[in-house]
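Breakdown of the fold
The residues making up each chain are set out below.
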There are 2 protein chains.
Amino acid sequence: MVENGRDRVDIPHANGRTVPTGEGGLSGPHPRKFGHEALAVVFQIRGDQLCVLLWRRALPPWEGAWALPGGRLGGEEDLGASIRRQLAQKVDVRDLAHLEQLETRSDPERDPRHRTLATAYLGLVPADVDPIVPEDTGWHPTADLPAMAFDHASIARSGRRRLRAKLGYTNVGFALAPPEFTMSQLSGYYSSALGHDVAATNLRRVLLRRGQIEETGRSVPSGRSGGRPAALFRFRDRSLQVTDEFAVLRPPNAP
Amino acid sequence: MVENGRDRVDIPHANGRTVPTGEGGLSGPHPRKFGHEALAVVFQIRGDQLCVLLWRRALPPWEGAWALPGGRLGGEEDLGASIRRQLAQKVDVRDLAHLEQLETRSDPERDPRHRTLATAYLGLVPADVDPIVPEDTGWHPTADLPAMAFDHASIARSGRRRLRAKLGYTNVGFALAPPEFTMSQLSGYYSSALGHDVAATNLRRVLLRRGQIEETGRSVPSGRSGGRPAALFRFRDRSLQVTDEFAVLRPPNAP
DNA sequence: CCGGGTTTTTGTCTGTCAGGCACAAACTCG
DNA sequence: CGAGTTTGTGCCTGACAGACAAAAACCCGG
């Protein structure tokens, strides 16, 4: 069953080898330019739901639909600065515990008005804060997203995929959880974000062994409904750390 | 040691809550526009080295420096189509076994001529082909990259990081290896890409167990220097498949 | 055609780690 | 002080990666 070629990407091909000179693309006196915007998929765990921050558009197109926060890139800022600036109009950006670039969307039809590229970011707000947001802005459970403008729903789902994956092989949990937390709380956050149960007892051992979390020594006031007072934990690093890469990857003879 | 606030992202903050209306960013009659280009970090294993495809710039700026293939985004194409089109000037894009978006660079100073955003792609060419490339273009070992134009060296390193990570938790190997291969060959590819030894015997079991590769039934002509003839393997899927997510992630009671 | 050299393949052992379960510990409330 | 509730610990199992050793399959020279 060996076709003698390998599977090929289905792409038209420039047969005659073309000029190897210069910039290599389209040419012309003035470079072609497009609009460019930064968008953010900001998650927070509220109640037991993973929620995303959306605002309701007041103007067409997509009047009345929900949209991701963001907007046009400014002349002197890079995308990271831009998304922070724009986000500041919707939430207190000091609440953002983590922010990373997600992907860039470039479908020529994604904005009906004019050609606009969008670079999406993934932002995380810890569960213990409740940022003040404007009238038109609110948190929506990712479990059932409302009708959304442009390709924003697709971007939001992409952000959730990324978050779920990273919870497994990084310490991003620190950006969902408060500075200190009990294991039951943490397993609640993980459950909400991942969409399935996470046993607190296992989570504890795993994160401890990975060195992601540590005990603070203190325990919770032990309030409400009786039961053993829970120990308080914290994340050791509050910046992104990647867990050991997969197995075959690991250099031999490494502990 | 509980400061009562969590670590905060170091960002200036818009104190007075600002207008919640409209597009939310800069406004003006005409949207601000920038140049936008697509670049590709194309890897191939040549000899026992992981190499990246570069071309030598003939014009300033960075005259004479090596650069990643790519160029300006066209008016009707999305970034994927654009990078394929531009790449076709440097290699036969039918040789590309894999192509995925990497990241977008937006430093205002990255191109001294005019503001240009760049979206980088990661491309992979299997080891068994030797694409014809133009005069100005060639393969360079990633182990020591030459002086490169703009921020291209940084992007190339970023691409290598991504490749190495993905070799561990996906089947991207299919895009580095020929359609059929022996385990010694495959372990060679992995070693070159990862930068450290990979035992063929373990690689075999791991990839078999993960269901990534399978035996073809045939074995290699058994040529050169004696020894047992090696069995030929192939990847089951020649499209990107992600290996089981990490452990804590896995839903409970899943086999 | 027999045995040494070479390469691949199979099997075994060990150590790490995740998930499940049961029980002990710690606390509240009546 | 005991019942109820929640949290923490210990133990077992099963999956899996890495190392190593031995077997298998082939070439070649004598």
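Residues numbered from 1 in each chain as written. Chains lettered and ligands numbered in written order. Predicted model: local features only at pLDDT ≥ 70, side-chain atom pairs only at ≥ 80, totals over all residues.

Focus on the overall build of chain A
- Along its length, chain A carries 5 helices and 9 strands.
- Its helices and strands in sequence order give chain A the pattern β-β-β-β-α-β-β-β-α-α-α-α-β-β, from N to C terminus.
- Sequence separation of at least 24 residues holds for 66% of the intrachain contacts in chain A that already meet a minimum separation of 6. (Helix = DSSP H or I, 4+ residues; strand = E, 2+ residues; numbered from the N terminus. Contact = placed C-beta atoms within 7 Å.)

Some thoughts on the domain arrangement of chain A
Residues and elements named next belong to chain A.
- Domains assigned within chain A are domain 1 (35-168) and domain 2 (169-235).
- Once you take the C-alpha centre of each, domain 1 and domain 2 turn out to be 27 Å apart.
- Taken together, the contact between domain 1 and domain 2 spans 15 residues of the former and 15 residues of the latter.
- Those elements giving two or more residues to the side of domain 1 that touches domain 2 turn out to be β2 (49-56) and α2 (152-169).
- Looking at which element gives the most residues to the side of domain 1 that touches domain 2, the answer is α2, with 5 residues.
- Considered class by class, the residues forming the side of domain 1 that touches domain 2 number 8 nonpolar, 3 polar and 4 charged. (Domains from an automatic or database assignment. Nonpolar A, V, L, I, M, F, W, Y, C, P; charged D, E, K, R; others polar.)

Looking at helix α4 (residues 183-194) of chain A
- Over its 12 residues, α4(A) runs 16 Å from end to end, which matches the ideal 16 Å to within 8%, given 1.5 Å per residue.
- Of the surrounding secondary structure, the elements contacted by the buried residues of α4(A) are β1 (33-46), β2, α2, α3 (173-176), α5 (200-209) and β9 (231-235) of chain A. (Expected span 1.5 Å × (residues − 1).)

Some thoughts on the confidence of the model for chain A
- Per-residue confidence for chain A averages 84 on the pLDDT scale, and 81% of its residues sit at or above 70.
- Within chain A, strand β5 (residues 98-105) of chain A carries the highest mean pLDDT (98), whereas strand β8 (residues 213-219) of chain A carries the lowest (87). (pLDDT = per-residue confidence, 0-100.)

Remarks on the packing of α4(A) against α5(A)
Residues and elements named next belong to chain A.
- At a minimum axis separation of 9 Å, α4 and α5 run at an interaxial angle of 95°. Taken together, α4 and α5 sit at an angle that is classed as roughly perpendicular. Every residue of α5 that contacts α4 at Met-183, Ser-184, Leu-186, Ser-187 and Tyr-190 is listed here: Ala-200, Leu-203 and Arg-204.
- Class assignment for the residues of the contact of α4 with α5 results in 5 nonpolar, 2 polar and 1 charged. (Axes fitted to C-alpha atoms, helices over the stretch in contact; angles between N-to-C directions. Parallel < 35°, antiparallel > 145°, perpendicular 65-115°, else oblique.)

Observations concerning the pairing of strand β1 (residues 33-46) of chain B
- Burial runs high along β1(B): 10 of the 14 residues are buried.
- Of the pairings in the sheet, the one linking β1(A) to β1(B) comprises 3 bridges and is antiparallel in character. Across the sheet, residue Phe34(A) finds its bridge partner in β1(B), namely Phe34(B).
- Bridge analysis of β1(B) against strand β4 (residues 70-72) of chain B gives 3 bridges, and the strand direction is antiparallel. By the bridge assignment, Glu37(B) is partnered in β4(B) with Arg72(B).
- Adjacent in sequence and paired antiparallel, β1(B) and strand β2 (residues 49-56) of chain B are bridged by 2 residues, among which Gly47(B) carries a positive phi angle near 65°. (Buried ≥ 20, exposed ≤ 12 C-beta atoms within 10 Å, placed from the backbone. Pairing = 2+ DSSP bridges.)

Topic: the environment of Asp78(A)
- Within the secondary structure layout, Asp78(A) lies in the loop between β4 (70-72) and α1 (79-87).
- Not counting residues up to four positions away in its chain, the partners in contact with Asp78(A) are Ser106(B), Asp107(B) and Pro108(B).

Regarding helix α2 (residues 152-169) of chain B
- A rise of 1.5 Å per residue sets the reference length of α2(B), with its 18 residues, at 26 Å; its end C-alpha atoms lie 26 Å apart and thus fit the reference within 8%.
- Turning to α2(B), its buried residues number three or more, namely His152(B), Ile155(B), Ala156(B), Gly159(B), Arg160(B), Leu163(B), Lys166(B), Leu167(B) and Tyr169(B).

Focus on the environment of Ser82(A)
- Structurally, Ser82(A) is set in helix α1.
- A residue is classified by how many C-beta atoms lie within 10 Å of it, and Ser82(A), with 24 of them, is buried.

Structural notes on the environment of Glu109(B)
- Here Glu109(B) shows up in the loop between β5 (98-105) and β6 (116-125).
- With 48 residues separating them along the chain, Glu109(B) and Pro61(B) place their C-alpha atoms 13 Å apart.

Considerations on unusual backbone geometry
- Cis rather than trans, the peptide bond between Pro60(A) and Pro61(A) has omega equal to 0°.
- For Pro61(A), the location among the structural elements is in the loop between β2 and β3 (66-67).
- Positive phi, normally seen in glycine, also occurs at Phe150(A), with a value near 50°.
- Looking at the secondary structure, you find Phe150(A) in the loop between β7 (137-141) and α2.
- For Phe150(A), a count of 23 C-beta atoms within 10 Å puts it in the buried group.
- Even without being a glycine, Trp62(B) presents a positive backbone phi close to 60°.
- On the secondary structure map, Trp62(B) appears in the loop between β2 and β3 (66-67).
- In this structure Trp62(B) comes out as partly exposed when scored by C-beta crowding, with 17 C-beta atoms within 10 Å.

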